[in-house]
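# Topology and contacts: notes
Listed here are the chains, written in short residue letters.
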Amino acid sequence: MAAPATPATEPETLEDASFLRDTLRAFRKNRMAMVGLAFVVLLVLGAIFAPWVSPHDPYRVALDEQLLPMSHTYWLGTDNFGRDVLTRILYGARISLMVGIVPSLVSLTIGTVLGILSGYLGGKTDFVVMRLADMMIAFPSLLLAMVVMYTLGANLLNIFLALALVGWASVARVVRSQTLALREKEFIEAARANGTARATIMFAHIFPNVVPTLIVLFSLSIPEAIMWESSLSFLGVGVQPPEASWGLLVAKGKEYIFQAPSVAIAPGIAILLTVMAFNFIGDGLRDALDPSMKD
Amino acid sequence: MLMFALRRILVSIPVLIGITMILFIMLNVVPGDPVALMMKEHASPDVIARVRAQMHLDDPMIVRYFRFLANALQGDLGNSIKLNRPVTDLLLKAFPNTLMLAVCAALVSWVIGIPAGVLSAVRRDSLIDRFFMGFSLLGVSMPVFWSALLLQYIFAMQLRLLPVSGFYGWKYMILPAIVLGWSSAGVIARLTRSSLLEVMRHDYIRTARAKGLRETGVITRHALKNALIPVVTIMAIQVAGLLSGAVITESIFSIPGVGRITVNAISSRDMPLLQGAVLFATVLVILGNLVADILYSVLDPRIRAQMKKDA
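Residues numbered from 1 in each chain as written. Chains lettered and ligands numbered in written order. Predicted model: local features only at pLDDT ≥ 70, side-chain atom pairs only at ≥ 80, totals over all residues.

## Looking at the domain arrangement of chain B
All names here are of chain B. The domain boundaries assigned to chain B delineate domain 1 (2-73) and domain 2 (88-310). Each of domain 1 and domain 2 was reduced to a C-alpha centroid, and the two centroids are 32 Å apart. Those elements that place two or more of their residues in the side of domain 1 that touches domain 2 are α1 (2-28) and α2 (34-39). Residue classes in the side of domain 1 that touches domain 2 are distributed as 12 nonpolar, 2 polar and 1 charged. (Domains from an automatic or database assignment. Helix = DSSP H or I, 4+ residues; strand = E, 2+ residues; numbered from the N terminus. Nonpolar A, V, L, I, M, F, W, Y, C, P; charged D, E, K, R; others polar.)

## Overview of the packing of α1 of chain B against helix α12 (residues 271-299) of chain B
Residue and element names in this part refer to chain B. Closest axis-to-axis distance for the α1/α12 pair is 10 Å, and the angle between their directions is 160 degrees. Relative to α12, the element α1 lies roughly antiparallel. Between α1 and α12 lies a crossing of right-handed hand. Along its contact with α1, which presents Phe 4, Ala 5, Arg 8, Ile 9, Ser 12, Val 15, Leu 16, Ile 19, Thr 20, Leu 23 and Leu 27, the element α12 presents Met 271, Leu 274, Gln 275, Val 278, Leu 279, Thr 282, Val 283, Ile 286, Leu 290, Asp 293, Ile 294 and Ser 297. (Axes fitted to C-alpha atoms, helices over the stretch in contact; angles between N-to-C directions. Parallel < 35°, antiparallel > 145°, perpendicular 65-115°, else oblique. Left-handed = near helix turned anticlockwise from the far one by under 90°. Contact = placed C-beta atoms within 7 Å.)

## Examining the UniProt feature "transmembrane region" (unreviewed entry) in chain B
Listed under "transmembrane region" (unreviewed entry) in the UniProt record, and renumbered for this structure, are residues 9-30, 99-119, 131-155, 167-191, 227-253 and 273-299 of chain B. Summarising residues 131-155 of chain B: 92% helix, 0% strand, and an end-to-end C-alpha distance of 23 Å. (UniProt positions renumbered as here; feature names shortened; annotations may be inferred.)

## Considering helix α7 (residues 144-158) of chain B
Residues and elements named next belong to chain B. Taking 1.5 Å of rise per residue, 15 residues should cover 21 Å, and α7 covers 20 Å from first to last C-alpha, within 8% of that figure. When the local axis directions of α7 are compared, the greatest deviation, roughly 30 degrees, occurs at Gln 152. Residues Val 144, Phe 145, Trp 146, Ser 147, Ala 148, Leu 149 and Gln 152 constitute the buried set of α7. Looking one or two residues past α7, Arg 160 carries a phi angle of roughly 55 degrees, positive in sign. (Expected span 1.5 Å × (residues − 1). Bend = angle between axes of the 7 residues up to and from the residue. Buried ≥ 20, exposed ≤ 12 C-beta atoms within 10 Å, placed from the backbone.)

## Focus: unusual backbone geometry
The omega torsion across Pro 241 of chain A and Pro 242 of chain A is 10 degrees, close enough to zero to call that bond cis. Assignment of secondary structure puts Pro 242 of chain A in the loop between α9 (198-235) and α10 (246-253). Notably, Asn 84 of chain B is not glycine yet its phi reads approximately 55 degrees, a positive angle. Structurally, Asn 84 of chain B is set in the loop between α4 (61-73) and α5 (87-122). For Asn 84 of chain B, a count of 7 C-beta atoms within 10 Å puts it in the exposed group. Of note in this structure, Asp 125 of chain B is not a glycine but carries a positive phi near 65 degrees. Locating Asp 125 of chain B in the fold gives a position in the loop between α5 and α6 (127-141). Here Asp 125 of chain B falls in the exposed class, since 9 other C-beta atoms lie within 10 Å of it.

Pasting the structure below:
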């Protein structure tokens with residue numbers, strides 16, 4: 001038995017607090033999820049404090065220090081411009097984390113609003129939104145993102161746009177189906193009978209019930225977005241040099257794989273570990289928030 | 001059954017038309033003159049004007065869209081600007097290579113994924129289960145371009161067992177197929193495992209055990225038959241996914257397929273070629289989903305019954 005936790009702020013209702021506490025407890029018990037969380041926290045700190053963590057400049061070109069092997073000064077060696085590989089990976093984490101979070105938030109917002117509208121209002125709104133979602137889902141994601149990058153130009157902002165465009169449809173589908181189920185519940189019926197405005201019902205009554213699902217969707221869309229960005233950058237239609245995106249680092253490093261394999265391999269390990277860590281967190285959250293989704 | 005298939009096909013048509021519209025708009029609002037952009041500074045204004053006229057770029061967008069649609073329906077996707085050849089020819093020539101890659105990768109993923117999933121489910125929470133689930137997690141979390149590079153480095157450059165890249169025979173297909181197949185093997189293994197675990201909870205499995213059937217018999221003859229239904233349907237979707245996943249694999253291993261055409265079309269700013277290639281891939285994905293849905297209804301009697309009620 002753990003000692004009863006004293007909440008810092010007074011919870012609104014008893015039920016809220018226990019739901020949150022149960023979720024946190026279940027999450028904490030999941031060992032892999034906690035390992036993932038620890039990794040992500042370290043990564044975030046490393047990315048934010050990169051200039052202080054690393055003594056090297058990620059952009060400084062030193063042609064007399066090209067492709068050096070691993071050493072005490074350069075833990076993962078240097079690249080073809082003599083730049084420290086580890087430092088560039090650390091700066092690359094900034095891009096990957098931003099790409100993981102920003103477009104996911106955008107697509108989650110769009111998907112939630114459209115999903116609730118579509119599910120609650122039904123009729124023409126539902127038809128239009130769902131057909132649009134069908135089209136987006138039928139589009140192979142990578143190709144859609146590539147077309148967006150072709151049209152708008154390859155830079156970070158457009159990656160955000162491309163990934164948000166790719167992601168909203170599946171969110172809308174999930175939220176819609178939850179809204180459809182919620183709409184038949186008594187408390188919604190009661191609110192309707194009370195004469196509550198439709199907008200209030202949708203966003204004050206239905207929305208809070210979708211939040212657990214949204215948290216899971218968010219945590220699982222982060223690794224996906226990181227993967228897409230690194231693929232786009234690898235193919236040359238994403239982040240452009242001299243910026244340090246992990247996908248780009250692998251693409252540039254592969255030309256020197258004979259002389260210095262770590263230049264290409266190390267950023268790939270960074271992607272692998274980060275994607276895995278976020279997947280662990282996502283799985284942990286899913287199991288904690290909705291045990292019925294397990295297995 | 002036939003009614004369902006027919007209705008499902010009819011529903012796909014507006015989706016397809018919508019996609020052509022989105023694709024056309026996205027590719028045709030590119031800022032700047034596509035012809036001038038592509039030809040860079042080498043072309044004189046005369047030449048640019050002539051190419052523009054050839055491509056009907058001076059017509060209003062809506063006219064151009066309908067012309068594109070009408071031509072596409074007749075199998076004419078225009079000419080590649082860079083290679084000056086019909087896009088359809090280029091795609092059809094490249095498609096068999098992509099198809100072969102996708103089929104080989106799919107085989108790899110089934111041969112690894114299904115047995116791994118079954119073993120994991122049967123020996124749930126054992127060391128084998130952990131090993132296979134860890135392996136499939138690795139497959140799902142690894143960027144394809146990186147695992148490709150890694151295998152290329154180990155097997156082609158260091159051990160010199162297999163060719164690095166190119167496409168001149170079956171040996172050239174091994175690494176790409178493993179790279180592309182591994183990531184979906186993970187998905188298949190996880191799905192097989194959870195589906196089998198779900199089926200094993202049913203009463204008829206208990207009955208089969210109660211009548212004295214051996215465990216292998218219970219699994220192969222009773223459980224697997226039902227457990228594999230969702231797996232088979234995801235396979236159809238997966239083949240379509242592999243076709244687009246081939247974009248990265250093909251460009252790393254220099255396989256002359258549809259994926260590589262797409263990447264090249266972007267870097268040379270060859271709009272008609274890009275348009276055609278993306279449309280082609282999207283049609284394949286829609287077909288894959290269609291097959292998956294129909295297959296699902298053929299395999300699962302419960303869904304078949306549900307559809308009869310709906311119809």
